[in-house]
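# Structure assessment
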Amino acid sequence: MTVSHAPPSAIPAPLEKPSAPTGTPPELEAVVPASVRRSRLRAAPRWVRRAVGPLLLLVLWQVFSATGVLDPDVLASPGTIARAGADLMADGTLPTAMGVSLQRVAVGLLLGGVIGTALALVSGLSRLGEDLVDATVQMLRTVPWVGLIPLFIIWLGIGEAPKVALIALGVAFHLYLNVYAGIRGVDAQLIEAGTSLGLGRWGLVRHVVLPGALPGAMTGLRYSLATAWLALVFGESINADAGIGFLMNQAREFFRTDVIVVCLVVYAFLGLTADVIVRILERLLLQWRPTFTGQ
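Residues numbered from 1 in each chain as written. Predicted model: local features only at pLDDT ≥ 70, side-chain atom pairs only at ≥ 80, totals over all residues. Heavy atoms only, no water.

Turning our attention to the packing of helix α4 (residues 93-125) against helix α7 (residues 160-184). Between α4 and α7, whose axes approach to 6 Å, the crossing angle comes to 35°. Crossing of α4 against α7: the hand is right-handed. Across the contact of α4 with α7, the residue classes tally to 18 nonpolar, 7 polar and 4 charged. (Axes fitted to C-alpha atoms, helices over the stretch in contact; angles between N-to-C directions. Helix = DSSP H or I, 4+ residues; strand = E, 2+ residues; numbered from the N terminus. Left-handed = near helix turned anticlockwise from the far one by under 90°. Nonpolar A, V, L, I, M, F, W, Y, C, P; charged D, E, K, R; others polar.)

This brings us to the packing of α4 against helix α5 (residues 127-141). Direction vectors running N to C along α4 and α5 enclose 130°, while the axes themselves pass 6 Å from each other. Taken together, the axis directions place α4 and α5 in an arrangement best described as oblique. Between α4 and α5 lies a crossing whose hand is left-handed. Taken together, the residues of α5 that come into contact with α4 (itself represented by L119, V122, S123 and L125) are R127, G129, E130, V133, D134 and V137. Partitioning the contact of α4 with α5 into residue classes produces 5 nonpolar, 2 polar and 3 charged. (Parallel < 35°, antiparallel > 145°, perpendicular 65-115°, else oblique. Contact = heavy atoms within 4.5 Å.)

Further remarks concern the nonpolar core. Counting 48 residues, the largest nonpolar core has L94, I167, W229 and I244 as its most contacted members. Those elements that place two or more of their residues in this core are α3 (78-90), α4, α5, α6 (149-156), α7, α9 (201-235), α10 (244-253) and α11 (257-285). Those residues in contact with I244 that sit more than four places away from it in its chain are A97, M98, S101, E236, C263, V266, Y267 and L270. (Core = buried A, V, L, I, M, F, W, Y, C linked by side-chain atoms within 4.5 Å. Buried < 20%, exposed > 50% of the residue type's maximum accessible area, 1.4 Å probe, protein only.)

Moving on, we get to a positive patch on the surface. On the surface, a cluster of positive charge is contributed by R46, R49, R50 and R283. With 3 residues, the single largest contributor to the positive patch is helix α2 (residues 46-66). (Patch = residues over 30% accessible without salt bridge, like charges linked within 9 Å, V, L, I, M, F, W, Y side chains within 5 Å. Areas by Shrake-Rupley, 256 points an atom, 1.4 Å probe, with all protein chains shown as cover. Salt bridge = Lys/Arg side-chain N within 4 Å of Asp/Glu carboxyl O. Lys, Arg positive; Asp, Glu negative; His and termini not counted. Charge placed at Lys NZ, Arg CZ, Asp CG, Glu CD.)

Turning our attention to a nonpolar patch on the surface. There is a patch of nonpolar side chains on the surface, built from L272, V276, I277, I280, L281, L284 and L285 and spanning about 610 Å² of accessible area. One can find I277 in helix α11.

Considering the arrangement of structural elements, one finds L175 in helix α7. Sequence separation between L175 and V114 is 61 residues; the distance between their C-alpha atoms is 9.1 Å. Excluding its chain neighbours within four sequence positions, the residues that come into contact with L175 are G112, G113, T117, Y180, A217, G220, L221 and S224.

Once that is clear, we can look at unusual backbone geometry. Phi is positive for F255, close to 55°, though the residue is something other than glycine. Within the secondary structure, F255 sits in the loop between α10 and α11.

Looking now at the side chain of N178. Position of N178 among the secondary structure elements: in helix α7. If we skip the residues at most four places from it in the chain, N178 touches G216, A217, T219, G220 and Y223.

Before going further, it helps to spend a moment on the side chain of S101. In this fold, S101 is placed in helix α4. Once you skip the residues sitting within four places of it in the chain, S101 turns out to touch L232, E236, G243 and I244.

Looking now at α7. The end-to-end C-alpha distance of α7, which contains 25 residues, comes to 36 Å, matching closely the 36 Å that a straight helix rising 1.5 Å per residue would cover. Of all 25 residues in α7, 18 are buried; the element is thus mostly enclosed. (Expected span 1.5 Å × (residues − 1).)

Scanning all chains against the criterion turns up 6 salt bridges. With its nearest N and O atoms 3.0 Å apart, the salt bridge here joins R184 to E130. Taken together, the residues R184 in helix α7 and E130 in helix α5 connect sequence positions 54 residues apart. For R184, a relative accessible area of 38% translates into the label partly exposed. Measuring nitrogen to oxygen at the nearest pair gives 3.1 Å for the salt bridge that ties D275 to R279. Placement of both D275 and R279 in helix α11 is noted, with a separation of 4 residues, approximately one turn of the helix. On the basis of relative accessibility, which here comes to 21%, the residue D275 falls in the partly exposed class. A cluster of three or more residues bridged by salt bridges with shared partners is formed by R104, E160 and E236.

This is the structure:
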């Protein structure tokens, strides 16, 4: 009987015993949540992230103008527009025009704000007031207010009055709708709670209704500011001899697209500044109302 011996390579190697711990703990890798990784991507200041889109558009605009893709007679390059704006600032033309336009917007916003808010209070706080006011306002707001320019010229002449009236009309409708909706949107349970605490009619209006309608009023103010600048563009086309719209009309006659774009940029800057002011007011006046701000 023969015993076959397997070659050394076929003999399985003995299992190695695990090495004894040396006293040093194993190195652990930290697990970073996905939300933290996303927040690192958003570590840049917010104003930098918001400026990326406009800067990219500006760069593309300059590239198209420099390569001839964009005809300068159709739209001037950003460099040409910047030089035109600097010239208008240097000779005082642009600051003077901005002052005149801002004065018109301020007066129209004040008049329209007072009228729109007063009508909303009358209509929102009283059923009788709603019956007397709301139907008339809803009917008038469906009329294109820009189409009233010929009537304003006949009624008020061609001076400052029709320009201010046009702005006030557009502002009043927006404020009326939002303040009225804010008043009627107040929770009825808050009214009941205020009544059980002994508040009278005017106490309820002051401490419950008006604070509850404030968010709607701020929204209406933002819409009103946008409408005020839009109405200003139309209003300054009525025989204007000063203002940003007057500069645009002059530039149109001489085919100065650079000056036209400068005026449009000024309109946008003034509108953005007004919106920032309203946002600051919202943070100050609506601190009691926590809202979702995005993730």
